[in-house]
Amino acid sequence: MATKRDYYEVLGVSKNASSAEIKAAYRKLALEWHPDRNKAANANEKFKEINEAYAVLSDDKKKQTYDQFGHAAFQPGMGGQSREAGSGFAGQGPFSYYYSTNGGASPFGDIGLDPFEIFEQFFGGGFGRTSARRQRQVYEINIDFMEAAKGVTKEVHVPRGQAGDGSVRKTIKIPAGVDSGSRVRFDDFDIVVDVVPDKQFKREGDDIIVEKEISYSQAALGDTIEVPTIDGGLHIRIQPGTRPGTLIRLRGRGVPHVGGSGRGDEYVRIQIKIPTHLSRRQRELLEELEEID
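In this report, we go over the structure that sits alongside the text. Quick caveat: nothing in here was measured; it's all calculated off a predicted structure.

**Side note on the overall build of the protein chain**
Part 1: When helices and strands are counted, the protein chain shows 9 helices and 13 strands.
Part 2: A total of 293 residues make up the protein chain; the buried ones form 36% of that total.
Part 3: Within the protein chain, contacts between residues separated by at least 24 positions form 53% of all contacts whose residues are at least 6 apart in sequence.
Part 4: Counting every atom, the protein chain has about 17500 Å² of accessible surface; 47% of that belongs to carbon and sulfur.

Pasting the structure below:
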């Protein structure tokens, strides 16, 4: 029997990782190795391994037990009860794959969780286990940052019936606020969104962060500058004595909350532009300023 990999190693996190770091690592790996997106021969096993690790490390009690006893904590005879082995289709909605076990305990030991169940709960799917839902088709669409932030209507072609039957054109509306990994349900198919990162706007949840460079004199004396937002340019006031790295919060200028009301915030991070070449007069003025200080 193959030796199980350490759960922390599977997710690529340290034993001191926070809950948020564990979630972030899981999200990245689950999206990368989901069998509907990754066609590698070992995608099923990798996906199951990632979800098994997350099932333990995301639960405080299971994590504590694992830290103390390791994998042995979830084997028969360690206080948990094994389940009967079997085989069949596991999964929810269109995310399904075939698994089998070879007697003894469940491949998840005492954990008792379906890897697709974890994926659906984490990414907000919540679909039931009916056969009809398993047959729903899932497609992926790439959109840019602004389309994700503001919403967009797209025309797409999806297969019609069986292979060789051609395709049919559909008009779909992607709601404002979606992010990579978001899934949008339509009449008879689902769309998984992949958002292309933007060079100017960095997204953290529904908040936006932008970097704005100003001169030394603007930072020292104060000024009014224009900063980008997803709604266009906005003039803001720089206070005298502003330090490098200062964050200026623009309330309600972030990404809309998908499926709800309100928006996140925008944060403008101020950077000071240091001149690399000074004229003689500029150097003299700076030296005078240094003497005054």
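**A closer look at helix H4 (residues 60–69)**
Part 1: With a side-chain oxygen positioned 3.0 Å from the backbone nitrogen of Lys61, the residue opening H4 is Asp59.
Part 2: Following H4 by one or two positions, Gly70 adopts a phi angle in the positive range, close to 75°.

**Details of the side chain of Lys63**
Part 1: By the element assignment, Lys63 lies in helix H4.
Part 2: Take Lys63: its relative accessible area is 15%, and that puts it in the buried class.
Part 3: Discounting residues that sit within four places of it in the chain, Lys63 has contacts with Tyr8, Lys15, Ile22, Val56 and Leu57.

**A word on the packing of aromatic side chains**
Part 1: The tally for this structure, following the rule as stated, stands at 6 aromatic pairs.
Part 2: Measuring from centroid to centroid gives 4.2 Å for Tyr26 and Tyr54, while their planes differ by 20°, and the two rings are stacked. In this pair, Tyr26 is assigned in helix H2 (residues 19–33) and Tyr54 in helix H3 (residues 43–57), connecting sequence segments 28 residues apart.
Part 3: The buried category is assigned to Tyr54, whose relative accessible area is 7%.
Part 4: On the numbers, 5.9 Å between centres and 70° between planes, the contact of Tyr139 with Phe189 is edge-to-face. A residue pair is termed long-range when its members are at least 10 positions apart, and Tyr139 in strand E3 (residues 137–144) and Phe189 in strand E7 (residues 189–196) qualify at 50 residues.
Part 5: Classification of Phe189 as buried rests on a relative accessible area of 5%.
Part 6: An aromatic cluster is defined as three or more aromatic residues linked by ring pairs; in this entry it consists of Tyr7, Tyr8 and Tyr66.

**Brief notes about a negative patch on the surface**
Part 1: On the surface, a cluster of negative charge is made up of Glu287, Glu288, Glu290 and Glu291.
Part 2: Mapped onto the secondary structure, Glu291 falls in helix H9 (residues 280–292).

**So, the sheet that holds E7**
Part 1: Strand order across the open sheet formed by 3 strands is E3-E7-E6, with mixed pairing between neighbours. Lying at the two open borders of the sheet, with one neighbouring strand each, are E3 and strand E6 (183–185). The sheet shows a mean angle of 30° between the axes of neighbouring strands, direction not considered.
Part 2: Bridging between E3 and E7 involves 8 bridges; their strand directions are parallel. Residue Asp144 lies in a different strand from E7, and its bridge partner there is Val196.

**Considerations on the pairing of E7**
Part 1: Most of E7 sits inside the fold, with 6 of its 8 residues counted as buried.
Part 2: With 3 bridges joining them, E6 and E7 adopt antiparallel strand pairing. Within E7, the position partnered with Arg185 by the bridge is Asp190.
Part 3: Between the antiparallel neighbours E6 and E7 lie 3 residues.

**Topic: a nonpolar patch on the surface**
Part 1: Taken together, Tyr216, Leu278, Leu286 and Leu289 make up a surface patch of nonpolar side chains, about 320 Å² in accessible area.
Part 2: In this structure, Leu289 sits in helix H9.
Part 3: Given the relative accessible area of 34%, Leu289 is considered partly exposed.

**Details of the nonpolar core**
Part 1: Judged by nonpolar contacts, the single largest core of 20 residues is most densely connected at Tyr7, Leu11, Val13, Ile22, Ile50, Leu57 and Tyr66.
Part 2: Put simply, the parts of the chain that give this core at least two residues each are helix H1 (7–11), H2 and H3.
Part 3: Examining the composition of this core, we find that 7 residues originate from one element, H3, more than from any other.
Part 4: Ignoring any residue separated from it by four or fewer positions in sequence, one finds Val13 in contact with Tyr8, Glu21, Ile22 and Ala25.

About the criteria used
Residues numbered from 1 in each chain as written. Predicted model: local features only at pLDDT ≥ 70, side-chain atom pairs only at ≥ 80, totals over all residues. Heavy atoms only, no water. Helix = DSSP H or I, 4+ residues; strand = E, 2+ residues; numbered from the N terminus. Buried < 20%, exposed > 50% of the residue type's maximum accessible area, 1.4 Å probe, protein only. Contact = heavy atoms within 4.5 Å. Areas by Shrake-Rupley, 256 points an atom, 1.4 Å probe, with all protein chains shown as cover. Polar contact = N/O pair within 3.5 Å; in protein donor to acceptor, adjacent residues only side chain to side chain. Phe/Tyr/Trp six-rings, centres within 6.5 Å; stacked < 30°, edge-to-face > 60°. Patch = residues over 30% accessible without salt bridge, like charges linked within 9 Å, V, L, I, M, F, W, Y side chains within 5 Å. Salt bridge = Lys/Arg side-chain N within 4 Å of Asp/Glu carboxyl O. Lys, Arg positive; Asp, Glu negative; His and termini not counted. Charge placed at Lys NZ, Arg CZ, Asp CG, Glu CD. Pairing = 2+ DSSP bridges. Axes fitted to C-alpha atoms, helices over the stretch in contact; angles between N-to-C directions. Core = buried A, V, L, I, M, F, W, Y, C linked by side-chain atoms within 4.5 Å.

By themselves these figures say nothing about function.
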